[in-house]
Amino acid sequence: MAETTAPFASAAPVPAAESRFERQIWWFPRILLIPTIVYLFVMTVFPLLYSLFISLFRTETGRPPVWIGLENYGKVLSGGEFWYAIGITLVLTVVAVTLEVLFGVGIALLLNQRLRGMGLFRLLVYLPMMVSPLVIGYFWRYMFDGTFGIINWVINSTIGGLLQLDPPQWLIDPVLAAIAIIVVDVWQWTPFVALLAAAGLNTIPPALYEAATLDRASRWMQFRRITLPFLVTPLLVAILFRSIDTIKIFDSVYILTGGGPGDYTATLSVLDYKVGFTYFRVGEAAAFSWLIVILINIVTTVILRLITRSRRARLYTA
Amino acid sequence: MSTKPKGLGRTILQYIPVLLIVALFFFPLFWMFSTSFKQRVDWYAVPPRILSFTPTLQNYDQLLSIAIVPLQVLIDPATGQPKINKLTNEPQLQRPSQVLPSDEYRELTRFNLFGQWYLVGTKSEFLRFIFNSIVISLATTVFSIIMACLTAYGFSRFPPRRSDNILFWILSLRMLPPVAVIVPYFFMFQAFGMLDKHLTLILVYSVFNISFGVWLLKGFFDEISPELEEAAMMDGYGPWAVFRKVALPLVVPGIATVAVFNIIQSTNEFLLAFVLTQNVATTGPVALTKFLPPTGIDWGGISAAATLLVAPVVVFTILVRNQLIRGMSFGQLR
Amino acid sequence: MARVVVDHLHVWYGKTHAADDISLTVDDGEFCVFLGPSGCGKTTTLRAIAGLIKPDAGDILIDEQVITKLYPGERDIAMVFQSYALYPHLTVAKHLAFPLEAKKMDKATIAAETQRIAELLGLTDVLDRLPRHLSTGQAQRVAIARALIRKPRVLLLDEPLNNLDVRLKLQTRAVLKRLQRDLNITTIYVTHDQEEAQSLADTIVVMDNGRIQQSGSPMHIYDQPVNEFVAGFIGTPPMNFMRCKVERTRGRGTYLLGPDGFELHAGDALSAQIGDLPDDSDVTIGIRPERIALHTEPDESLPLGHVHIVEPEGNDLIISVRVGNAIWKVRATKAQFGGRLQRDIPVNLRIDQSKLHLFAPGTGQRIEVLNQVNLTP
């Protein structure tokens, strides 16, 4: 019979048994986490600190480093190219991401239909984002070439011929070059947005559409009220990643235009690279890098705040 | 979704926009593929010749030709004995130029099999770059996956205090612009004499690969019901055995996804490889920048090289098409 | 001997006191059931015994050995989880071999033991299947087999029958009871289903809010519940309650008056139970459905009610009666009333007062308990 009364009441109980797993239990979590954290710390924090050091001191071989404070930062911030680079990068980002979102949603909707061979089509559409941006850069450079590029041939034989226009020199004219870069980025990454949007579409329970049809809601109404809300989160995620990646953009710009003509399409990363490795103004390049990091952090925080705010809002209205 | 049987016209109408989109996204890749078979003349042809050109394999030949020939020991005609190298005390071997099929070939490396030396020659360094890419991506992937598995499990089952912050920091490394680190990395690795070495790129790529792996795998580990691990504990297994025998086998799909993405990201990376390597350890994408003979950009060569670089990626994409969503959106943002 | 002792166990989850000074003993070979609603602390206590939770205070002892700090796998205890916790990537045979491999037994012994336990639980046909190809019943048995193959000192079960449909539940219940008797293994079983508890247990420990409310044999707990909670938790349909006031002013003895004109005249035994309680004091009365008889002929000495619904249950009828401000359930046989009970007809309730319980309204303690020093089980 079980008792609920006095605790175990014999003479002093045998001392507590020692666990042979005791040591493993102590080591195990530490082995899991410490090596990676140390590795990542060494590989990222040190270089960043070193970069900070380079930006705050004048380092010349054979001479001891000289403290120059924020002089490099001043040079970068006062140089027109920096602000121009911010401008062109932001323009690029905003235009490209917007187009990617619009087209991405459209493509996701198109590819969501149940037609034969859709699996293959989806695969083909998703290919561009898996390829090295550098390779793509070279490719589009070939296609955008003013003389033998296929794009100009298409233009000339259709609209251009009709309107008697000169063949556009994509990679030479500053505005056209910027457009070219946007086209390449949109081409490569719209599938990414489409992929995320498609995933979002898959989470919509079909019962919602059925109920809406019974209630005689129009297709447009269904889109606005059912489809769009489910797309908000994946699209915000897509916008976050695409914005950050476009601000960081390097490979395709470097190959398409090299930042040119002059520095007209020098996005932040490209300009930074040039300052550091073409002009060898190392201190400035380091300062520049830090400014880029700060900028990206700000953008990330802002977008993340937007995401959490939209999540919270939806929780209240859902 | 309507279930009425559709008319043929309606079906065609539905296919048209889809086909247009697919063509739009697929065309540049196709164009690159077809250009790789063109002769120099056709690269610059206006109007561009989409199908009406004479195909050639010379571009691929240029890139891929490889010759493996045995190197014979040089015999002194006077004595009939092998000539000995005074410095190394070893028999002298034939010079590469004596054995390679043509003077388009240059030595890539040599190796010794069962006492017989062989010379490997190629027409271009491209194969070496491919080899580098393969070695580096595999090495970084293996290393990163091991680290990521351990770490992701650690964060999933043994979150330390302030684990949210540490985790966020690790995951934010993905956002780090390579530009921010190329300057310090360049000087650091230069100081250690590690520029143009494979290990350098392996170490650098692993930072991003581990970050990606931790993010993805933690989600997988989180989904394993803790009761499974508790059952294993009750069955008498210590924490390490529980990890090995219960948790790991259940995240194998996640590991496969991470592996594929790591390999793809490592083979596609450009800037860091460009800055941190010269010739010895250079990888695929950087190789493309070397196609600049004085006679103008070798578009045929670039297309062929590009096709070769893209092909494995296409294969991999087919393999992971089901995991694309998970990998690309890194699971759910919290 | 595998005697389990829980000594002043305390477990906190944040601010919640999930286990509040739990002390109990389970004897060798005993089938003990922890019973209570969700969040009462029964699973917490079980997991502390298993070693999956580290207590904030208190000790667990098995056979006089303090095992509180031991890793679960070292306690020689086995557990069957509510979700069965079967490894998706292992076949049934590998499941059974798994615990033995941890002990580094040789292959031959493992194979023999696997065969033995598979025969015992009827799993010989499915040894090569993966968990996703097993029926719920088979999965259940694999979970039990995996636990038993090690011949553990103690067997713990966490609501194992929850996921089964009614028929399978009853079958498996019988299998479990038989198995436990045959193997004579000390068993602790957690459930919220009081029927299950009554059918399986040698001893039931009823818990609520992290505390033990009562422990004893199923019969004892049924007949002598120590407070309102236990009384209302055990029994199907549950005990009927009514808040009443004591009244002696009518001159004809003691009355218990309830809302809406409910009147119960206390007989001698009941009056003795009421004892010295002052007039107008509150008591809660409790009476089980099978201790009430319905009279369709009017009888003014008995409390009055109206038939609300009649629900057949096998050979019996469960009649819901509107009494006072409550709906009471009364159990009767079909033979007694056939189809004669229509809605809303008045009936009189003859209550078996020897089985009527009185509870103090504040604490819920049974008044008899309050008046007695020792309650003999």
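Residues numbered from 1 in each chain as written. Chains lettered and ligands numbered in written order. Predicted model: local features only at pLDDT ≥ 70, side-chain atom pairs only at ≥ 80, totals over all residues.

> Explain the overall build of chain C to me, please; I cannot follow it from the model alone.
Along the backbone of chain C there are 11 helices and 20 strands. Dimensions along the principal axes, computed over C-alpha positions, put chain C at roughly 85 × 50 × 35 Å. Residues classed as buried in chain C amount to 43% of the 377 residues present. When contacts within chain C are restricted to residue pairs at least 6 apart in sequence, those whose partners lie at least 24 apart make up 64%. (Helix = DSSP H or I, 4+ residues; strand = E, 2+ residues; numbered from the N terminus. Buried ≥ 20, exposed ≤ 12 C-beta atoms within 10 Å, placed from the backbone. Contact = placed C-beta atoms within 7 Å.)

> Can you walk me through the overall build of chain A in this structure?
When helices and strands are tallied, chain A shows 12 helices and 2 strands. Computed over C-alpha atoms, the radius of gyration of chain A comes to 28 Å, more than 25% over the 20 Å expected from 2.2 N^0.38 for 318 residues, which places it beyond the range of a compact globule. Per-residue burial for chain A yields a buried fraction of 37% across its 318 residues. (Rg over C-alpha atoms; globule rule 2.2 N^0.38 Å.)

> I tried to follow the interface of chain A and chain B on my own but got confused; where do I start?
The parts lose accessible area when they come together, and the size of an interface is often stated as this lost area. In this assembly, 69 residues from chain A lie in contact with 65 residues from chain B. Take the side of chain A that touches chain B: its biggest share by element is 17 residues, from helix α1 (residues 22–56) of chain A. Of the residues belonging to the side of chain A that touches chain B, the class tally is 56 nonpolar, 10 polar and 3 charged. (Nonpolar A, V, L, I, M, F, W, Y, C, P; charged D, E, K, R; others polar.)

> Mind showing me how you'd approach the confidence of the model for chain C here?
When pLDDT is low, close inspection of the predicted coordinates is not appropriate. All names here are of chain C. Confidence in the prediction of chain C, expressed as mean pLDDT, is 88, and 97% of residues score 70 or more. Here residues 373–377 is a poorly scored stretch, pLDDT under 50, and it has 6 contacts once near neighbours within four places are set aside; other chains count. Quick note on the complex model: pTM equals 0.82, ipTM equals 0.81. (pLDDT = per-residue confidence, 0-100.)

> Explain the domain arrangement of chain A to me, please; I cannot follow it from the model alone.
Residue and element names in this part refer to chain A. Along its sequence, chain A is carved into domain 1 (24–66) and domain 2 (72–317). With centres defined by C-alpha atoms, the gap from domain 1 to domain 2 works out at 33 Å. Taken together, the 5 residues of domain 1 in the interface contact 8 residues of domain 2. For the side of domain 1 that touches domain 2, the element with the highest residue contribution is α1, accounting for 4 residues. Class assignment for the residues of the side of domain 1 that touches domain 2 results in 2 nonpolar, 2 polar and 1 charged. (Domains from an automatic or database assignment.)

> Could you clarify how one ought to interpret unusual backbone geometry in this entry?
Of all residues except glycine, most have a negative phi; of all peptide bonds, most are trans. Residue and element names in this part refer to chain C. In this chain, T236 is followed by P237 through a cis amide linkage whose omega measures -10°. Along the chain, P237 falls in the loop between α8 (228–233) and β11 (240–247). We note that K104 has phi near 60°; this positive angle belongs to a residue other than glycine. Mapping K104 onto the fold places it in the loop between α2 (92–102) and α3 (107–120).

> What's the story with the domain arrangement of chain C in this structure? I'm lost.
Examined at the domain level, chain C breaks down into domain 1 (4–223) and domain 2 (240–371). Distance from the C-alpha centre of domain 1 of chain C to the C-alpha centre of domain 2 of chain C: 40 Å.

> I tried to follow the sheet that holds strand β20 (residues 357–359) of chain C on my own but got confused; where do I start?
Strands belonging to one sheet form pairs held by backbone hydrogen bonds; the direction of such a pair is parallel or antiparallel. Residue and element names in this part refer to chain C. Pairing within the open sheet is antiparallel, and its 5 strands lie in the order β13-β12-β11-β14-β20. The sheet is open, and its two borders are formed by β13 (262–265) and β20, each paired with just one other strand. Adjacent strand axes in the sheet meet at a mean angle of 35° when their direction is disregarded. (Pairing = 2+ DSSP bridges. Axes fitted to C-alpha atoms, helices over the stretch in contact; angles between N-to-C directions.)

> How do you make sense of the packing of helix α3 (residues 80–111) of chain A against helix α1 (residues 8–35) of chain B when you look at a structure like this?
A pair of packed helices is characterised by two quantities: the angle between their axes and the separation of those axes. Two elements in contact, α3(A) and α1(B), have axes separated by 10 Å at closest approach and are oriented at 125°. Taken together, the axis directions place α3(A) and α1(B) in an arrangement best described as oblique. Crossing hand, α3(A) versus α1(B): left-handed. Together, A:I107, A:L110 and A:L111 of α3(A) and B:P17, B:V18 and B:I21 of α1(B) make up the contact between the two elements. Class assignment of the residues belonging to the contact of α3(A) with α1(B) gives a composition of 6 nonpolar, no polar and no charged. (Parallel < 35°, antiparallel > 145°, perpendicular 65-115°, else oblique. Left-handed = near helix turned anticlockwise from the far one by under 90°.)

> I'm lost on the environment of B:F243 in this one. Help?
All names here are of chain B. Topologically, F243 is positioned in helix α10 (residues 239–250). In the structure, F243 is positioned 133 residues away from R110 in sequence and 44 Å away in space, judged by C-alpha atoms. Contact partners of F243, with chain neighbours within four places excluded, come to Y153 and L248.

> So what exactly am I meant to see when it comes to helix α8 (residues 198–223) of chain B here?
Note on helix geometry: an α-helix contains 3.6 residues per turn, so any two residues three or four positions apart are oriented the same way. Over its 26 residues, α8(B) extends 36 Å from the first C-alpha to the last, a length consistent with the 38 Å expected when each residue adds 1.5 Å. Of all the bends in α8(B), the largest measures some 30° and sits at B:S206. (Expected span 1.5 Å × (residues − 1). Bend = angle between axes of the 7 residues up to and from the residue.)

> I would appreciate a short explanation of α3(C) in the present structure.
Residues and elements named next belong to chain C. With 14 residues, α3 should cover 20 Å at 1.5 Å per step; its first-to-last C-alpha distance of 20 Å lies within 8% of that length. Every buried residue of α3 is listed here: T114, I117 and A118. End-on, the buried residues of α3 take up no more than an arc of 105°, which puts them together on one face. In α3, the exposed positions that point more than 90 degrees away from the buried face belong to A108, T109, A112, R116 and E119. Positioned one or two residues after α3, G122 has a phi angle of 70°, which is positive. (Arc of directions from axis to C-beta.)

> What should I look at first to understand the environment of B:Q94 in this one?
All names here are of chain B. For Q94, the location among the structural elements is in the loop between β1 (66–70) and α4 (96–99). Sequence spacing of Q94 and Q72 is 22 residues, and the spatial spacing of their C-alpha atoms is 5.8 Å. Not counting residues within four places of it along the chain, the set of residues in contact with Q94 comprises L71, Q72, L74 and V99.

> Looking at this model, I keep getting lost on the pairing of strand β4 (residues 57–62) of chain C. Mind explaining?
Residues and elements named next belong to chain C. Bridge count for strand β1 (residues 4–13) against β4 is 5 bridges, and the pairing is antiparallel. Directly across from V6, in β4, lies its bridge partner I60. Strand direction decides the pairing type here: β4 and strand β5 (residues 65–66), joined by 2 bridges, are antiparallel. Residue pairing across strands places L61 opposite V66, the latter belonging to β5.

> Would you explain the sheet that holds β1(B) in this entry?
Residue and element names in this part refer to chain B. Read from one edge to the other, the open sheet built from 3 strands follows the order β1-β3-β2, with strand pairing classed as antiparallel. A single partner strand is all that each edge strand has here, and the edge strands are β1 and β2 (106–113). For this sheet the average axis-to-axis angle between neighbouring strands, irrespective of direction, equals 25°. For β2 and strand β3 (residues 116–122), the ladder comprises 7 bridges, and the chain directions are antiparallel. Considered in β3, the bridge of R110 is made with L119.

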